[in-house]
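# Residue-level structure breakdown
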Amino acid sequence: MTASFHVLTTGYADARVAGTVTLLVDGATVAIVDPGMVADRRLILDPLAPHGLAPEDVTDVIFSHHHPDHTLNAALFPEARFHDHMAIYRDDVWEDRNADGYRLSSSITLMTTPGHTAEDVSTLVAADEGLVVLTHLWWSAEGPADDPFAPDRDQLRAAREKVLALGPALIVPGHGAPFVPSSSTPL
């Protein structure tokens, strides 16, 4: 079985900033990745309706990291569990766990990929398209090739190599449209 993925809104980072927000559906698991800053919350909520979903149907929210452009609108999903690099949060329960290898469903797995921040998490999705990786290791297909906020350039390069070694069919970057990785994808 595979999960479906849908970009709800495509992010950007220029004079203004918005994160790419993605919907993942795998059976009973309905996950939103990086519900952060957008020009209008309807850009996150309105695209749910064509999938027959309401905000209350979302079971999980995944943060690639804790910058506001990737977390600001998490409260739109009142029934969700929230996942980051170290724990699962729901209401007043904080459950410590390492995200590396954590499976939300049979087709959705988390992988720690420190790079943009030391706490980055990438989401691996077995989809009809092949392996889809949602990650902030790349801002967009266009760059920047060298993340200006990465605290450790060698760590970023190692995490990018780790993701590319998986042979993803698509990468969904933090601030852009999905792209097919190639030999020119920056390390």
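In this text, all values refer to a predicted model and were calculated from it rather than measured experimentally.

### Thoughts on the overall build of the protein chain
- Counting secondary structure elements, the protein chain contains 3 helices and 14 strands.
- Judged by the C-alpha coordinates and their principal axes, the protein chain covers about 40 × 35 × 35 Å.
- Each of the 187 residues in the protein chain was classed as buried or not, and the buried ones make up 50%.
- Residue pairs at least 24 apart in sequence account for 50% of intrachain contacts in the protein chain once pairs closer than 6 positions are excluded.

### Concerning the sheet that holds strand S9 (residues 93-96)
- Taken in spatial order, the 7 strands of this open sheet run S1-S4-S5-S6-S7-S8-S9, and their pairing is mixed. Among the strands making up the open sheet, the edge pair consists of strand S1 (4-9) and S9. Each strand axis lies, on average, 20° off the axis of its neighbour in the sheet, ignoring direction.
- Sheet topology places strand S4 (residues 21-26) next to strand S5 (residues 29-33); 5 bridges connect them, and they run antiparallel. Each bridged residue has a counterpart across the sheet, and for Thr22 the counterpart in S5 is Val33.

### Some words on helix H3 (residues 153-165)
- Taking 1.5 Å as the rise per residue, H3 with 13 residues should run 18 Å; its terminal C-alpha atoms sit 18 Å apart, in good agreement.
- Turning to H3, its buried residues number three or more, namely Leu156, Ala159, Arg160 and Val163. What you see down the axis of H3 is that its buried residues fit within an arc of 100°, all on one side. Set apart from the buried face of H3 by more than 90 degrees, the exposed residues are Asp154 and Ala165.
- Elements in contact with the buried residues of H3: strand S11 (108-112), strand S12 (121-127) and strand S13 (130-134).

### With respect to the UniProt feature "domain: Metallo-beta-lactamase" (unreviewed entry) in the protein chain
- Sequence positions flagged by UniProt for "domain: Metallo-beta-lactamase" (unreviewed entry) are, in local numbering, residues 18-175.
- The span residues 18-175 carries 13% helix and 31% strand; its end-to-end C-alpha distance comes to 7 Å.

### Brief notes about the packing of aromatic side chains
- On inspection of all chains with the given rule, the structure shows 4 aromatic pairs.
- Between the aromatic rings of Trp139 and Phe149, the centroid separation amounts to 5.8 Å while the plane-to-plane angle is 5°, which identifies the pairing as stacked. A residue pair is termed long-range when its members are at least 10 positions apart, and Trp139 in the loop between S13 and H3 and Phe149 in the loop between S13 and H3 qualify at 10 residues.
- Against the face of Tyr102 rests Arg97, its NZ or CZ located 4.8 Å from the ring centre.

About the cut-offs
Residues numbered from 1 in each chain as written. Predicted model: local features only at pLDDT ≥ 70, side-chain atom pairs only at ≥ 80, totals over all residues. Heavy atoms only, no water. Helix = DSSP H or I, 4+ residues; strand = E, 2+ residues; numbered from the N terminus. Buried < 20%, exposed > 50% of the residue type's maximum accessible area, 1.4 Å probe, protein only. Contact = heavy atoms within 4.5 Å. Pairing = 2+ DSSP bridges. Axes fitted to C-alpha atoms, helices over the stretch in contact; angles between N-to-C directions. Expected span 1.5 Å × (residues − 1). Arc of directions from axis to C-beta. UniProt positions renumbered as here; feature names shortened; annotations may be inferred. Phe/Tyr/Trp six-rings, centres within 6.5 Å; stacked < 30°, edge-to-face > 60°. Lys NZ or Arg CZ within 6 Å of the ring centre and 35° of its normal.

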